There are 2 protein chains.
Amino acid sequence: MASGSWEEFFAVHLPPTDFEDNRTLLKEFCERHDKYGNKIVLVTSGGTTVPLEHNTVRFVDNFSAGTRGSASAEYFLEHGYAVIFMHRQKSLEPFTRHFSGQKLLDMLEIQERGPNTTITVRPDSVDVLAPVLVRYKAALAAGAVLQVAFTSVSEYFWLLRAACECLARLGPRALLYLAAAVSDFYIPKDRVPTHKMQSESGAPVIQLQLVPKMLAPLVNLWVPAAYVVSFKLETDESLLIPKARAALEKYKHKMVVANMLQSRHHRVILVSPEASQEIVLTREDIHAGVDIESAIVSEIVRLHAEHLAGGGAGAALPAGAGASDAHESRDSVTRTAHRSVCLVRKGSQLFAAIPLVCTGPNCARIVWYKSELFDTLLSALVLCTVGL
Amino acid sequence: MASGSWEEFFAVHLPPTDFEDNRTLLKEFCERHDKYGNKIVLVTSGGTTVPLEHNTVRFVDNFSAGTRGSASAEYFLEHGYAVIFMHRQKSLEPFTRHFSGQKLLDMLEIQERGPNTTITVRPDSVDVLAPVLVRYKAALAAGAVLQVAFTSVSEYFWLLRAACECLARLGPRALLYLAAAVSDFYIPKDRVPTHKMQSESGAPVIQLQLVPKMLAPLVNLWVPAAYVVSFKLETDESLLIPKARAALEKYKHKMVVANMLQSRHHRVILVSPEASQEIVLTREDIHAGVDIESAIVSEIVRLHAEHLAGGGAGAALPAGAGASDAHESRDSVTRTAHRSVCLVRKGSQLFAAIPLVCTGPNCARIVWYKSELFDTLLSALVLCTVGL
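None of the values given here were measured: they were computed from a predicted structure.

**Q** Just to check I follow, could you spell out the pattern of salt bridges for this structure?
**A** Two side chains with opposite charge may pair up if their charged atoms get near one another. Applying the stated rule across the entire model yields 40 salt bridges over all chains. Put simply, A:Lys213 and A:Asp184 hold a salt bridge, and the shortest N to O gap is 3.4 Å. Taken together, the residues A:Lys213 in the loop between β11 (209-210) and α7 (215-222) and A:Asp184 in the loop between β8 (174-178) and β9 (185-186) connect sequence positions 29 residues apart. Linking B:Arg267 and B:Glu278 is a salt bridge whose minimum nitrogen-to-oxygen distance equals 2.4 Å. In this pair, B:Arg267 sits in strand β14 (residues 267-271) while B:Glu278 sits in strand β15 (residues 276-280), placing the two residues 11 residues apart along the sequence. Within this structure, A:Lys27, A:Glu31, A:Asp34, A:Arg169 and A:Arg173 form a network of salt bridges that share partners.

And the structure:
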């Protein structure tokens, strides 16, 4: 069955109940960061659902834990972006993604002293927790993240369009990183039964309809000047690149991040209209716990910067260029291209990401972390912050 | 389409890859607690999925966050049960359920002192976190919880049968609390496509088949002496009690906990072959954050005890009896019916649940918590632990 138009979809599906609240938050966030000339990335993350009943007991879901999106959001923050993190309710979120299940509770120790009872993190867990906590608190303090949540594909589309309407004012400074696993099929609202389907009535046949492709109005109408990156997940390798290229030709956006379900955590291909570039984690990277999102985001940030420098024209991928971050292993303090963040590294470990995002009259909040451990790096760190 | 038999289901669907590991864990857990004469409850929690593709990108899911199961597991621990918590991967878990999202990170403060950096819980969060942390550590120390996870309905059935095989040795001391939202429909393995369905091929029609009702072999063959409680979730009130009664007649188990999707957090009906009993939280209970699971579990524990005392005969619900725990508001130290846990209350707040589960030669591990705050209660607490 053919898909309806996107206008029809919005006409038939009502906005979610908390829509106006979220729209206000999005508007305020974009206006604030636009005022200071910051770049904003919209990261979508997790899978959307298609309800099979109005009083939803059953639904069709899309496989996605939210790993790609939640990790990427952290790296965009390191690169000085303000981040709208639009995620599936209960999917992985930046920072907390490192501590799933009972990991955090297991790190805690209680010292019972009556009314002066205290709870502390076990000394052997401080090294693991502290860097994440510092980055989390820095992002909070800078007001650099806005989180909004969706569940169904209809909620996702309403939020996506609202975010685009707010991002349009940023022109090419807006980056869209559409990592959510969006349903291709849905059941039109008027064919969804009101109550839970009864197993006594026998097994149901579910007739799905194609979801309209929102990338078309998004690229052409909603945020025509933005740098738009979409994702393509396949299970059949032979379809991967052809489908990525077909999407670029059809929607005229800047990049498709193509990946296979089976290898998505250690291999992706960045496909642009001009070239394609593979990013692969080495066995050592994987063993060291390197996130491939670090390399993906570094490369996209570089291309977005070129796009901005060229006044919005396409920035080509360097032929065969490997992304640098995943392979970084020197002690270093580096300033990212746009002078909006300082990265302090000790070998392959990132000790501090110092966001220099303007957030008010006192531009450049600096977070010092463990700087006393880096005698030789300290002067470099100071140098890095000069001349903002 | 009619459902196949349960034997056919197990013949067609292979066990999950980590099945043997989980079976070993289940066996060891049941043998250990059986040796000390403990009661074991199997709590199933969260929804099962039905994959639409072998390389799963899309699946049909059943709505369930795992609230009922994860909360109930905590209350069963308080009542001295050993708990097998069989839950949907990433659904809510006991103890951590209280701290979703960034709540725990927000409670933490970092004190940077170079190599002596420490992280502590903010003083104003200690009161919230400490009681949960104490109960969590006590359960861990007593080896009183085993967690196993499933995703698909086929994984769920394999684990369920394995758990039953291990629980059978406990006879009537085994309690099954089947709160998971199990798929009624699935796609037989040989009709599931290998690769991701392509939207270019048009919208698919999904022909589902009925899942065989596992409650039949479970009650009659796998754990014939156990106390079995199933759950019924509906969205149409007129179907709720008739369907609960029909299930009891068909499967001959002990109880159906019936609830409506819309009101499930503050109203349930315990339906047994002899009677039905409504549990409703008052407005004050809801405002005070009382879990309805506290009352459900108290009542089921009482009925299970009567069942045990009667040598396995049916224990009737008292006509119109309200469950006591949700309305408890005295300062008290009470010993549960089977002398396996001490509950220390200050008004409506539970300050300590002291599991006295036998776990080895040193029977009755005692966890003291904030006992110095309870001068008048301390002697009662000591009395409570005498005579084990």
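**Q** So what exactly am I meant to see when it comes to the interface of chain B and chain A here?
**A** Interface size is commonly expressed as the accessible area that is lost once the parts come together. Opposite the 70 residues of chain B that make contact, chain A presents 70 residues. In this assembly, chain B packs against chain A so that about 6,400 Å² is buried in total across both faces, 61% of it on carbon and sulfur atoms. Looking at the side of chain B facing chain A, the largest losses of area belong to B:Leu105, B:Ile119 and B:Phe185, adding up to 10% of the total buried there. Linking chain B with chain A are 0 salt bridges.

**Q** Can you help me understand unusual backbone geometry in this one?
**A** Backbone geometry follows two general trends: most residues other than glycine have a negative phi, and most peptide bonds adopt the trans configuration. Positive phi, normally seen in glycine, also occurs at A:Lys252, with a value near 60°. Among the structural elements, A:Lys252 can be located in the loop between α8 (237-251) and β13 (255-260). One non-glycine residue, B:Lys90, lies in the positive phi region at around 70°. Here B:Lys90 lies in the loop between β4 (82-88) and α4 (103-107). With relative accessibility at 60%, the residue B:Lys90 sits in the exposed group.

**Q** Just to check I follow, could you spell out the sheet that holds β4(B) for this structure?
**A** Strand pairing within a sheet occurs via backbone hydrogen bonds; the two strands may be parallel or antiparallel. Residue and element names in this part refer to chain B. As summarised here, the arrangement of the 8 strands in space is β7-β4-β1-β8-β12-β13-β14-β15, forming an open sheet in which the pairing is mixed. Edge positions in the sheet fall to β7 (145-150) and β15, since each of these pairs with one other strand and no more. Averaged over all pairs of adjacent strands, the angle between strand axes in this sheet comes to 15°, irrespective of strand direction. For strand β1 (residues 40-45) and strand β8 (residues 174-178), the ladder comprises 5 bridges, and the chain directions are parallel.

**Q** How should the sheet that holds strand β2 (residues 49-51) of chain B be read in this particular structure?
**A** Taken in spatial order, the 4 strands of this open sheet run β2(A)-β3(A)-β3(B)-β2(B), and their pairing is antiparallel. The open sheet has two edge strands with one neighbour each: β2 (49-51) of chain A together with β2 of chain B. Pairwise comparison of adjacent strand axes, ignoring direction, gives a mean angle of 25° for this sheet. Pairing of strand β3 (residues 58-62) of chain A with strand β3 (residues 58-62) of chain B involves 5 bridges; the strand directions are antiparallel. Each bridged residue has a counterpart across the sheet, and for A:Phe59 the counterpart in β3(B) is B:Asp61.

**Q** Please explain the packing of helix α3 (residues 67-78) of chain A against helix α10 (residues 292-309) of chain A as it appears in this structure.
**A** A packed helix pair is summarised by two numbers, namely the angle formed by the two axes and the spacing between the axes. All names here are of chain A. Look at α3 against α10: their axes get within 9 Å of each other, and the N-to-C directions meet at 55°. It follows from the interaxial angle that α3 and α10 lie oblique. The handedness of the crossing between α3 and α10 comes out as right-handed. Contacts from Thr67, Arg68, Ala71, Ser72, Tyr75 and Phe76 in α3 reach Ile292, Glu293, Ser294, Ile296, Val297 and Val301 in α10. Per-class residue counts for the contact of α3 with α10 are 7 nonpolar, 3 polar and 2 charged.

**Q** I'm lost on the relation of the copies chain B and chain A in this one. Help?
**A** Note: a rotation about an axis with an accompanying shift along it relates these two copies of the chain. Structural alignment of chain B on chain A gives an RMSD of 0.0 Å, achieved by rotating through 180° and translating 0.0 Å along the axis. The relationship between the two copies is best expressed as a two-fold rotation axis. Here 99% of the interface residues in chain B have copies in chain A that are interface residues too; the copies meet face to matching face.

**Q** I tried to follow the pairing of strand β6 (residues 118-121) of chain B on my own but got confused; where do I start?
**A** In the case of a regular strand, side chains alternate between the two sheet surfaces. Residue and element names in this part refer to chain B. With 4 bridges joining them, strand β5 (residues 108-111) and β6 adopt antiparallel strand pairing. Residue pairing in the sheet places Gln111 in a bridge with Thr118 of β6. Linking two consecutive strands that pair antiparallel, namely β5 and β6, is a turn of 6 residues; a positive phi of about 55° is found at Gly114 within it.

Rules of the game
Residues numbered from 1 in each chain as written. Chains lettered and ligands numbered in written order. Predicted model: local features only at pLDDT ≥ 70, side-chain atom pairs only at ≥ 80, totals over all residues. Heavy atoms only, no water. Salt bridge = Lys/Arg side-chain N within 4 Å of Asp/Glu carboxyl O. Helix = DSSP H or I, 4+ residues; strand = E, 2+ residues; numbered from the N terminus. Contact = heavy atoms within 4.5 Å. Buried area = accessible area lost by both parts, 1.4 Å probe. Buried < 20%, exposed > 50% of the residue type's maximum accessible area, 1.4 Å probe, protein only. Pairing = 2+ DSSP bridges. Axes fitted to C-alpha atoms, helices over the stretch in contact; angles between N-to-C directions. Parallel < 35°, antiparallel > 145°, perpendicular 65-115°, else oblique. Left-handed = near helix turned anticlockwise from the far one by under 90°. Nonpolar A, V, L, I, M, F, W, Y, C, P; charged D, E, K, R; others polar. Least-squares fit on C-alpha atoms with pLDDT ≥ 70 in both.

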